[in-house]
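Analysis of the macromolecular model
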Amino acid sequence: MSQGDMTIPKEPNLEKTFQIDGYLRSYETEIRRRYKCFHEVLQSVEEKEGSLDSFSRGYENFGIHRLPDNSIVMTEWAPGAAGLYLRGDFNNWQFEDKYQFKKGDFGRWTLTIPATEDRQCPIGHGSKLKLGVRLHSGEIVDRISPWAKMVGRPHDVPIFEQLFWDPPEEQKYKFRNVHPRQPSGLKIYECHVGIASWEGKVATYKEFSQNVIPRIADLGYNAIQLMAVMEHAYYASFGYQVTSFFAASSRYGNPEELKELVDTAHAHGITVLLDVVHSHASKNVIDGLNEFDGTDSCYFHGGARGIHELWDSRLFNYLNWEVLRFLLSNLRWWVEEYHFDGFRFDGVTSMLYRTHGMGHGFSGHYDEYFGLNTDSDSLVYLMLSNHLLHSLYPDFMITVAEDVSGMPLLCRPVEEGGQGFDFRLAMAIPDMWIKTLKHTKDEDWNLDEIVHTLVNRRYNEKCIAYAESHDQALVGDKTIAFWLMDKEMYTHMSLLSGGSGIIDRGMALHKMIRLISMGLGGEAYLNFIGNEFGHPEWLDFPRVGNNESFHYARRQFNLADDPNLKYKYLNNFDRAMIHLDAKYNFLGHHQNYVSLKHHGDKLIVFERADKLLFIFNFHPNQSFSDYKVGVQMAGTYQLVLDSDAEEFGGHKRLDHNVKFTTFPEPWNDRANHLFVYIPCRTAIVLAKMD
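Residues numbered from 1 in each chain as written. Predicted model: local features only at pLDDT ≥ 70, side-chain atom pairs only at ≥ 80, totals over all residues. Heavy atoms only, no water.

**A closer look at the pattern of salt bridges**
- Summed over the entire model, instances satisfying the criterion amount to 49 salt bridges.
- The partner of D53 in a salt bridge is R332, and the shortest N-O contact between them spans 2.9 Å. Of this pair, D53 sits in helix α3 (residues 52-55) while R332 sits in helix α6 (residues 321-338); the two residues are 279 residues apart in sequence, bridging distant segments of the chain.
- Between E337 and K259 there is a salt bridge, and its shortest N-O distance comes to 2.9 Å. Taken as a pair, E337 in helix α6 and K259 in helix α5 (residues 255-267) lie far apart in primary sequence, 78 residues in all.
- For E337, a relative accessible area of 26% corresponds to the partly exposed category.
- K259 sits in the buried class, given a relative accessible area of 7%.
- Bridged by salt links that share partners, the residues D21, D403, R424, R458 and E461 form one connected network. (Salt bridge = Lys/Arg side-chain N within 4 Å of Asp/Glu carboxyl O. Helix = DSSP H or I, 4+ residues; strand = E, 2+ residues; numbered from the N terminus. Buried < 20%, exposed > 50% of the residue type's maximum accessible area, 1.4 Å probe, protein only.)

**So, the side chain of T662**
- Tracing the sequence through the fold places T662 in the loop between β27 (659-661) and β28 (672-678).
- For T662, the side chain forms a polar contact with the main-chain nitrogen of G635, separated by 2.9 Å.
- Leave out the neighbours within four places in its chain, and T662 touches V631, M633, A634, G635, Y637, N672, H673 and L674. (Polar contact = N/O pair within 3.5 Å; in protein donor to acceptor, adjacent residues only side chain to side chain. Contact = heavy atoms within 4.5 Å.)

**Focus on the packing of helix α2 (residues 28-49) against α6**
- The N-to-C vectors of α2 and α6 enclose an angle of 90°; their axes lie 13 Å apart at closest approach. Viewed along their axes, α2 and α6 adopt a mutual orientation that is roughly perpendicular. Seen from α2, the contacting residues are V41, S44, V45, K48 and E49; seen from α6, they are W321, L324 and R325. (Axes fitted to C-alpha atoms, helices over the stretch in contact; angles between N-to-C directions. Parallel < 35°, antiparallel > 145°, perpendicular 65-115°, else oblique.)

**A word on the nonpolar core**
- Residues F208, I224, L226, Y299 and W334 are the most contacted members of the largest nonpolar core, which totals 187 residues.
- At 10 residues, α6 tops the list of elements feeding residues into this core.
- Those residues in contact with W334 that lie beyond four places of it in its chain are V229, M230, F245, F246, A247, A248, L258, L274, H339, F340 and F343.
- Of all hydrophobic cores here, the second largest spans 18 residues; its members include L613, F660, I684 and L686. (Core = buried A, V, L, I, M, F, W, Y, C linked by side-chain atoms within 4.5 Å.)

**Comments concerning a nonpolar patch on the surface**
- A surface patch of nonpolar side chains, about 190 Å² in accessible area, is lined by V157, I159 and I286.
- Given a relative accessible area of 33%, V157 falls into the partly exposed group. (Patch = residues over 30% accessible without salt bridge, like charges linked within 9 Å, V, L, I, M, F, W, Y side chains within 5 Å. Areas by Shrake-Rupley, 256 points an atom, 1.4 Å probe, with all protein chains shown as cover.)

**Thoughts on the packing of aromatic side chains**
- If you walk through the whole model with that rule in mind, you get 50 aromatic pairs.
- A centroid spacing of 5.1 Å and a plane angle of 40° characterise the contact between F300 and F316, whose relative ring orientation is tilted. Pair noted here: F300 is in the loop between β14 (271-276) and β15 (307-308) and F316 is in the loop between β16 (313-314) and α6, with a separation of 16 residues, a long-range link. We note that F300, like F316, is buried.
- R670 extends its terminal NZ or CZ atom over the ring of Y593, reaching a point 3.8 Å from the ring centre. (Phe/Tyr/Trp six-rings, centres within 6.5 Å; stacked < 30°, edge-to-face > 60°. Lys NZ or Arg CZ within 6 Å of the ring centre and 35° of its normal.)

**Let's talk about the sheet that holds strand β24 (residues 612-617)**
- Sheet architecture is open: six strands sit in the order β22-β23-β24-β29-β26-β27, paired in antiparallel fashion. At either end of the open sheet lies a strand with only one pairing partner, and these are β22 (592-598) and β27. Along the sheet, successive strands turn relative to each other by an average axial angle of 25°, direction set aside.
- Summarising the sheet, strand β26 (residues 636-642) and strand β29 (residues 682-688) pair through five bridges and their orientation is antiparallel. Counted as the bridge partner of Q638 is A687 from β29.
- Helix α14 (residues 501-520) rests against β22, β23 (603-608), β24, β26 and β29 of the sheet, and its axis sits at about 40° to β23.
- Strand contacts of helix α16 (residues 567-584): β24, β26 and β29, with the helix running at about 145° to β26, the strand carrying the most contacts. (Pairing = 2+ DSSP bridges.)

Structure representation (structure tokens):
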């Protein structure tokens, strides 16, 4: 893999930072203090460990390893333990002195098991293992190695156990494809392997590779974001209560099959992002990190600071030396072992603030971001993570922050005093759409508020726009399709069921909401699996509360594939919308100009990528002929996307052969204008002809 330069200046270069945002000058002292904290930790790592590169390869030494001579060596960090044992299938689950670890410096424990007399490995591939941690009381309790690379759960036992994953060479997956380069217009298909089937079951890595990746490639998405891959004991947690950070979830298959999935995506030129959860960890003790060494700290803060009350989970002590090694090594592991191309960091807002963002509205005043509430330890960890990843993998690495607070500089380079993320999620956009659909009549939509929410982002800090993600799909909420059409989706989505005003409105607005979110809302776009075709209902994982039902824990792709159902129209539109960016690269063009927000006519007009003109008529029943629209670039324009087209389930009211020629008279602060016919509840995109 291509690796870049890891050197970084002692002082941040704030000249460009202040050029972008002059208001930050008032907080220069705090910005420099944060950078100094980061640089001091980085220097300390280099002095004590040789380099950040070697420091972040902890997985090469910690955990269990088979050496070339077939002996076993195992190293663990358990500073609070009185003793450590290994037991499992290989010794009939006995606590034996010869499998007792030796205590070393800095809380480390090491065990060496020689090869058998016939030079075979004493622990076979797939063997079940447990660590026995002896407490100072004398009691021995079961634990799983924090560095376990695979864990599994017997069908009749709810607790996971470690599996020694050491397949013979011929069974190891061999990667055939290289990492795709960073795309200029990032279009992310957010997905969950387990629900990626219409059947009521947990789908597999192999099924995803064979059935879903070709669909994603056909739609035109150039990135996937895999959720719930890091092992989590509770399926219904959606992967956000991680128990084993280095283990790919075994409920979908084995590690080699996950590698095949990533490689299959790469064969299609698709970037693969991992949803990484370093903001907190499961409170599970026997099969999680909690109380690993018998204390309430170890990997976490002790006492109240180590508990997230709302999430009922544990919080990492980010600047503890071995915790820092563990988390940075975890990022390296997923890149080196599985060839992931980047990460979406979950719960960044919780990490950034001592209050975890709870009960905080974030008005946008800079004092909220540069005051005592900011958690410097977490901030430094995020800076180290981004510096590590972008230095080692400059050609393909992408990092995304899930932050609702709007922290300035979060998506600026570390050397400029930022935290180094490439993108942040534009989390206000889906909230705005749900609020609008839930509380406002169509004729009362506030176009000022809609446009403001879509364009309100920090200059030169990239955002990922989305109309809805997995958050809006979960039980307790509704998808946009369900907010729009609800129970009518059960009776009137068939071409044979007759007309329905609710379905007609819902399909029209579903297309328009997605297109305007993508066109105006950011420098990248995200869609949650299935929502591209208006997936009905919500998402609910099997749990006690629903009698362990899989009915809502699936994606019914069969609906989009059925020629007699209207879901195909939404799927067609999503494909056309995504391919429009592939052709014109408007996402990669950060500037746009909104020339019209007409409240009476319910029209929004904007330009992007110099040559594209987007026109939206949200009026519920008023169409306009010869509507005068301003445009900067003179010339002849053609219709390149029409939400009212027949293949998108529209009323085909527009003539696609018509060309639009500009007139050299200013209109709406644009140098030229043209005239269009724009039907009600329709969005069109015009492109300047070369």
